[in-house]
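Breakdown of the fold
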Amino acid sequence: DLLEPLIPSIVACLEHRHSFVRRNAVMAIDRIYQLPGGDIMLQDAPETIERFLSGGESDLSTRRNAFLMLYNNAQDRAVNYLMNNLEQVANWGDILQTVVLDLIRKVCRTDPTQKGKYIKIILMLLSTNNTSVIYECANTLVALSSAPTAIKAAANCYCQLIVSQSDNNVKLIVLDRLSELKQNHREVMQEMVMDILRAVASPNLDIRRKTLDIVLDLITVRNIDEVVSMLKKEITKSQTDTGEKSGEYRQMLVQAVHTCAIKFPDVAGSVVHLLMDFLGDVNSASAFDVAMFVREIAETNEKLRESILQRLLDSFYTIRSSRVCGTCLWIIGEYSTSSAQIEEALVTLKASLGPTPFFAPKKAAGAGEDAEDADGADE
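Overview of the structure. (Residues numbered from 1 in each chain as written. Predicted model: local features only at pLDDT ≥ 70, side-chain atom pairs only at ≥ 80, totals over all residues. Heavy atoms only, no water.)

Counting its regular elements, the protein contains 22 helices and 0 strands. Principal-axis analysis of the C-alpha atoms gives the protein an extent of 135 × 50 × 30 Å. For the protein, buried positions account for 44% of its 379 residues. Sequence-distant contacts, at least 24 apart, represent 62% of the contacts inside the protein between residues at least 6 apart. (Helix = DSSP H or I, 4+ residues; strand = E, 2+ residues; numbered from the N terminus. Buried < 20%, exposed > 50% of the residue type's maximum accessible area, 1.4 Å probe, protein only. Contact = heavy atoms within 4.5 Å.)

With that out of the way, let us pick up helix H8 (residues 115–125). Within H8 the residues assigned to the buried category are Tyr118, Ile119, Ile121, Ile122 and Leu125. An end-on view of H8 places all buried positions within 160° of arc, on one side of the element. Next to the buried residues of H8 lie helix H6 (75–84), helix H7 (94–110) and helix H9 (131–144). (Arc of directions from axis to C-beta.)

Scanning all chains against the criterion turns up 5 aromatic pairs. A centroid spacing of 5.6 Å and a plane angle of 20° characterise the contact between Tyr81 and Trp92, whose relative ring orientation is stacked. Taken together, the positions of Tyr81 in helix H6 and Trp92 in the loop between H6 and H7 put the pair 11 residues apart, joining distant regions of the chain. Look at Tyr81 and you get buried, because its relative accessible area is 7%. By relative accessible area, Trp92 is classed as buried at 4%. The structure contains a cluster of three or more aromatic residues connected by ring pairs, namely Phe67, Tyr81 and Trp92. Between the NZ or CZ atom of Lys106 and the centre of the ring of Tyr71, over which it lies, the distance is 4.7 Å. The side chain of Arg323 reaches across the aromatic face of Phe288, ending 3.8 Å from its centre. (Phe/Tyr/Trp six-rings, centres within 6.5 Å; stacked < 30°, edge-to-face > 60°. Lys NZ or Arg CZ within 6 Å of the ring centre and 35° of its normal.)

Turning next to the packing of helix H4 (residues 45–53) against helix H5 (residues 60–73). As a packed pair, H4 and H5 sit with axes 9 Å apart at the nearest point and diverge in direction by 145°. The two elements H4 and H5 cross, and the hand of that crossing is left-handed. Between H4 and H5, the contacting residues are Ala45, Pro46, Ile49, Glu50, Phe52 and Leu53 on the first element and Thr62, Arg63, Ala66, Phe67, Met69 and Leu70 on the second. (Axes fitted to C-alpha atoms, helices over the stretch in contact; angles between N-to-C directions. Left-handed = near helix turned anticlockwise from the far one by under 90°.)

Turning to a nonpolar patch on the surface, a few remarks are in order. On the surface, Leu3, Leu6 and Leu35 cluster together into a nonpolar patch covering about 230 Å² of accessible area. Positionally, Leu6 belongs in the segment before helix H1 (7–12). (Patch = residues over 30% accessible without salt bridge, like charges linked within 9 Å, V, L, I, M, F, W, Y side chains within 5 Å. Areas by Shrake-Rupley, 256 points an atom, 1.4 Å probe, with all protein chains shown as cover. Salt bridge = Lys/Arg side-chain N within 4 Å of Asp/Glu carboxyl O.)

A separate point is the nonpolar core. One finds Phe67, Ile104, Leu178, Ile196 and Leu279 to be the most contacted residues of the largest nonpolar core, which totals 120 residues. With 10 residues, helix H10 (residues 148–164) is the largest single contributor of residues to this core. Not counting chain neighbours up to four residues away, the residues in contact with Phe67 comprise Leu53, Ala78, Tyr81, Leu96, Val99, Val100 and Leu103. (Core = buried A, V, L, I, M, F, W, Y, C linked by side-chain atoms within 4.5 Å.)

Counting through the fold element by element, Pro148 comes out in helix H10. Relative accessible area serves as the criterion here: at 55%, Pro148 is assigned to the exposed category. Sequence spacing of Pro148 and Glu187 is 39 residues, and the spatial spacing of their C-alpha atoms is 8.8 Å.

Another aspect to go through is the packing of helix H15 (residues 224–239) against helix H16 (residues 246–263). Here H15 crosses H16 at 155°, and the two axes come no closer than 10 Å. Between H15 and H16, the angle is such that the two are roughly antiparallel. Taken as a pair, H15 and H16 cross one another with a handedness that is left-handed. Between H15 and H16, the contacting residues are Ile224, Val227, Val228, Leu231, Glu234, Ile235, Ser238 and Gln239 on the first element and Ser246, Tyr249, Arg250, Leu253, Ala256, Val257 and Cys260 on the second. Of the residues that constitute the contact of H15 with H16, the class distribution is 10 nonpolar, 3 polar and 2 charged. (Parallel < 35°, antiparallel > 145°, perpendicular 65-115°, else oblique. Nonpolar A, V, L, I, M, F, W, Y, C, P; charged D, E, K, R; others polar.)

A separate point is the side chain of Arg63. Position of Arg63 relative to the elements: it lies in helix H5. Judged by relative accessible area, which is 14%, Arg63 ranks as buried. For Arg63, the residues in contact, after removing those within four places along its chain, are Leu53, Glu57, Ser58, Tyr81, Trp92 and Leu96.

When you line up the elements, Tyr317 lands in the loop between helix H19 (305–314) and helix H20 (322–335). Judged by its relative accessible area of 67%, Tyr317 falls in the exposed class.

Under the counting rule described, the total for this entry stands at 0 disulfides. For Cys137, which is in no disulfide, the shortest distance to another cysteine sulfur is to Cys157 and amounts to 7.1 Å. We classify Cys137 as buried; its relative accessible area is 0%. The thiol of Cys328 is unpaired, and the distance to the nearest cysteine sulfur, on Cys325, comes to 6.9 Å. (Disulfide = S-S within 2.5 Å.)

A separate point is H6. Buried residues of H6: Ala78, Val79, Tyr81 and Leu82, and no others. Viewed end-on, H6 has its buried residues packed into an arc of 160°, placing them on one side of the element. Opposite the packed face of H6, turned more than 90 degrees from it, sit the exposed residues Asp76 and Asn84. Considering only its buried residues, H6 is in contact with H4, H5, H7 and H8.

Shown next, in the form of structure tokens:
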């Protein structure tokens, strides 16, 4: 009773000269039509809104509201409008394109046979410059198709967003999406490892940690060499990094390399000598991880023991942590088997200990005897 007399005025506002009024008139019609009995009061509302939408409305928010009204109440009309304007979809603006993607997901859930027709629209929207639309396109692709090409296209979008976005929260959300893809499409994601690994360029430790977790779960024989090479570069780069978290990041990298070496022992020889440079790291946790890694490689790879011992003795003087020192002494004692190795180890250890305090200097002893003789003569 209250609304019915107002309906002609609301409909008339669709032609108001101010876009603000037109925008709210569309929203009012949408709400009234969804009320109990609203479809009786506004029987021709979907037709009116479709005609209004096709009439050349210039305000993006108003067009978005009109399309959303059709999406909510007359899905067939929304689909018809979309199909009649396919060539303009790329220029519709982000808020309207987002509703288009919602409509595509809704239609394809109802009728999966329509997927092929709508994927073309999604791929067209992927070329837009708006990051929110690209993100929604990737989500829609994953929801609609499990084909390797679609998953790879979605993963590419996510990887581009990680690199291009400065907001850490956005990067973490995208990494979560990549982690979900990894669970269901492992083979496709294994080809994207190096693209994902670019996310470690972010200074945020949470992003770096999540990135390394994803990558380490995807390493294979085909990509292990590239991954380890990238990790080695990051470890070397962390030496010149003066940030507060550089030591913690270096520890994460050491642990990542350790994991790689466990899964693929053949790569151990290419990294163990590089990591031994960090036995004297100021971050004792990182240095201890290196020591444990070296111990494990020495235990499992007999061919590397001699070079590990030599490098360990050369860098022994740099060690600062007692825990690291204890582990290194155990390695030296356990694997120094030849006479030459034992002698070299003892020389290094003696040099590290410095002069022993077990006897007094000779001059001091001679001075004491002269003093005793002088006392005896006086008596």
